Amino acid sequence: MKILGIETSCDETAVAIVEDGQKVLAWAVATSVEMHAKTGGIIPDQAAREQVRAMVPTINEALNQLEEKEGSRDFDAIAVTHGPGLIGSLLIGVETAKTMSWVLNKPLVPVNHLVGHVYANYIAITKLPPLPYITLIVSGGHTDLVLVKDHGVYEWVGGTRDDAAGEAFDKVARILGLGFPGGPAIQRAAKHGQIRDFSIPRPLMHSGDFDFSFSGLKTAMARLVSGQEDLEKNRNDIAAAFQEAVVEVLLVKTFKAAQQFGAKAILLSGGVAANTHLRERLQNEAQLPVFVPGIKYCTDNGAMIAAAAYYNYTPIPFSEVQANPGLFLD
Ligand code: KG4
Ligand code: ZN
C-alpha cells in the first residue's frame, strides 16, 4: 500500500510517499527555517504563510518522484498530521489533504504528530521493535515518555513540566550566540569542546517520577554565560557540558521507565533524537535493544506520517478530519 504523508505542523512543509510503512518512494521537504533563523525563533504567522506557498509545489515534487520511480503517479491513501502543532500551519496540510481525499476519492488517515515521530523508527528497518517498548519523544515542543503496548495503544508515563528538551537546546544556543535551530548548533559546538564541570544542574533527575523540567536549566545557563569573562574561549566547552546535562537527565528517566514498565526495547523519537551524543550514550548504556530513526527521519517529515498511518490504518471521512493544535496522545 502506497500512502502519501503530509506534515505541516510547524515550519516544515513535508510530503513523502511510503510503501507498506517501510519503503520511501518519494521525499520532499520545504522549510522556512532560514527565515526563522533571522529572528531566532519561529513566528507562527510567517510559518503558516510559507506553508501556503510551499504546499502544492511540495506535493507535486513528491508525485514527480513517484512517477519517475514507479512509472505512475498513483497511490492508495493520504495521511496528514492533524495535531499537535501551530494551528495556522496545521490547517494548510489538513485542508489540502481533505481536498485531495474528496477530489481523488482516496481514504484519509489523520495522524497525531507525536505518533508520527515514533513511527520514524519503522522506516527502512528489517526487524520491528518488540512490544511493549518505551519511547522517549523529544522535540521542539515535547518531552514525553510513552509506553507503547501495541499499535495505537499508548500509556503516557511522564513528560516536561515546562520547556521541551528541543526548546532548551534552542534557547541555550541563543544565549551562547550559536544560532537557530539550536540543537544542531549546540551539537556542532560541543564536538569541538570538552565536557568540563560548570556545575550545570540536572533538574528533577532523582525526583522519583518521570517528569522533566528544563526552564530552570535555561536560567542557570543564562547566569553561567553572563558570568563568563571569555565566552569565546569557553563556548564550545559550555555547549558540551549543557548537552551532557540534558542527555543525562533524559537517559536516567528513560532507563528507569523502561525497567519499571517491563519494556522490551527503547525507542528514541523526535527532532532531538538526531543528537549524536544522545544516540551514542543510549546505544552504549541501555540494557535493552535500542531503536533510533535514521537521522533524516528524526526531524519533521512526511514519511513518518505515512508510516504511522500504515501501522494504524483507520481512515475517516474527510469531512470529519479537523486540525487540533492541542491534540493529546491517546
Ligand atoms: O521534531 P522537530 O523537527 O519539530 C517539532 O516537532 O518540534 O524537532 C525540532 C527540534 C528543535 O528544537 C531542534 O533544535 C531539535 O529538534 N534538534 C536537535 C538536533 N536536531 C534537531 N536537538 C539536539 N541535537 C540535534 N542534532
Ligand atoms: Zn516534530
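Per chain, residues are indexed from 1 in the order of the written sequence. Note on labels: chains are lettered from A, ligands numbered from 1, in written order. Reporting of local features is limited, given that this is a predicted model, to residues whose pLDDT is at least 70; pairs of side-chain atoms are given and counted only at 80 or more, and all residues count toward the totals for whole chains, interfaces and linings. In computing side-chain values, all of the structure's heavy atoms are included and hydrogens and water are not.

Participant: Help me out: how do you make sense of the overall build of the protein in this one?
Facilitator: Looking only at helices and strands, the protein has 11 helices and 10 strands in total. For the radius of gyration, the atom set is restricted to C-alpha positions; the globular benchmark scales as 2.2 Å times the number of residues to the power 0.38. Rg of the C-alpha trace for the protein: 20 Å, near the compact-globule value of 20 Å for 330 residues, within the 12% margin. Projecting the C-alpha coordinates of the protein onto the three principal axes gives extents of approximately 60 × 45 × 35 Å. Categorising residues by exposure relies on relative accessible area from a 1.4 Å probe, with only protein chains included: less than 20% of the type maximum marks a residue as buried, more than 50% marks it as exposed, and the intermediate range marks it as partly exposed. Here the protein holds 330 residues, and 54% of them are scored as buried. Pairs at least 24 apart in sequence give 72% of the contacts found in the protein among residues at least 6 apart. Here the Shrake-Rupley method, with its probe set to 1.4 Å, supplies the accessible areas, and only the displayed protein chains count as covering residues. As displayed, the protein offers around 14100 Å² of accessible surface, 52% of which is attributable to carbon and sulfur atoms. Charge counting treats Lys and Arg as positive and Asp and Glu as negative, with His and both chain ends excluded. One atom stands in for each charge, and that atom is NZ of Lys, CZ of Arg, CG of Asp or CD of Glu. Treating the 28 positive side-chain charges of the protein as one cloud and the 36 negative ones as another, the clouds have centres 3 Å apart. Secondary structure elements follow DSSP: runs of H or I of four or more residues count as helices, runs of E of two or more count as strands, with numbering from the N terminus. Residues are treated as being in contact if the distance between any of their heavy atoms lies within 4.5 Å.

Participant: Quick question: what am I supposed to make of the sheet that holds strand β2 (residues 12-19) here?
Facilitator: Strands in a sheet are paired, the pairing made by backbone hydrogen bonds, and the direction either parallel or antiparallel. Think of it this way: DSSP has to see at least two bridges between two strands before they count as a pair. Strand order in the open sheet made by the five strands is β3-β2-β1-β4-β5, with mixed pairing throughout. The sheet is open, and its two edges are formed by β3 (23-31) and β5 (108-112), each paired on a single side. Adjacent strand axes in the sheet meet at a mean angle of 20° when their direction is disregarded. In the sheet, β2 pairs with β3 via eight bridges, with the strands oriented antiparallel. Bridged to E19 within β3 is K23. Helix axes are fitted only over the stretch in contact, all axes being lines through C-alpha atoms; the angle between N-to-C directions runs from 0 to 180 degrees.

Participant: Is there a simple way to explain the coordination of the zinc ion (ligand 2) in this structure?
Facilitator: Put simply, the ideal angle at a metal is 109.5 degrees for four donors in tetrahedral geometry and 90 or 180 degrees for six donors in octahedral geometry. Ligating atoms shown are N, O and S within 2.8 Å of the metal, or 3.2 Å for Na, K and Ca, and water is not included, meaning a site may look less than complete. The zinc ion (ligand 2) binds to the protein through H113 (NE2), H117 (NE2) and D300 (OD), with metal-donor distances spanning 2.0 to 2.1 Å. Of the residues examined, H117 reaches a relative accessible area of 0% and is grouped as buried.

Participant: I'm lost on the sheet that holds strand β6 (residues 133-138) in this one. Help?
Facilitator: Spatial ordering of the open sheet is given by β8-β7-β6-β9-β10, a layout of five strands whose pairing is mixed. With partners counted over all chains shown, the strands left at the sheet margins are β8 (153-159) and β10 (290-291), one partner each. Strand direction decides the pairing type here: β6 and strand β7 (residues 143-150), joined by six bridges, are antiparallel. Residue I134 lies in a different strand from β7, and its bridge partner there is L147. Packing against the sheet, helix α8 (residues 231-260) makes contact with β6, β7, β8 and β9 (266-269), and its axis sits at approximately 155° to β6.

Participant: Would you mind showing me how to read the pattern of salt bridges here?
Facilitator: Side chains carrying opposite charge are able to pair once their charged atoms draw close together. For this document, the term salt bridge refers to a Lys or Arg side-chain nitrogen within 4 Å of an Asp or Glu carboxyl oxygen. As enumerated under the stated definition, the model contains 18 salt bridges in all. Close ionic contact of E167 with K171 constitutes a salt bridge, the shortest N to O distance being 3.3 Å. Taken together, the residues E167 and K171, both in helix α5 (residues 165-175) and four residues apart, mark about one turn of the helix. For E167, a relative accessible area of 26% gives the class partly exposed. With relative accessibility at 30%, the residue K171 sits in the partly exposed group. The salt bridge involving E244 is made with R281; its shortest N-O contact spans 2.8 Å. With E244 in helix α8 and R281 in helix α9 (residues 276-285), the pair connects residues that are 37 residues apart, well separated along the chain. Through salt bridges with shared partners, a single network forms among R202, E244, E248, R281 and E285.

Participant: Can you walk me through the environment of G85 in this structure?
Facilitator: Looking at the secondary structure, you find G85 in the loop between β4 (77-83) and α3 (87-104). Judged by its relative accessible area of 28%, G85 is partly exposed. Placed 27 residues apart in sequence, G85 and N112 show a C-alpha to C-alpha distance of 9.7 Å. The residues touching G85, leaving out its near neighbours within four places in the chain, are S9, L90 and P325.

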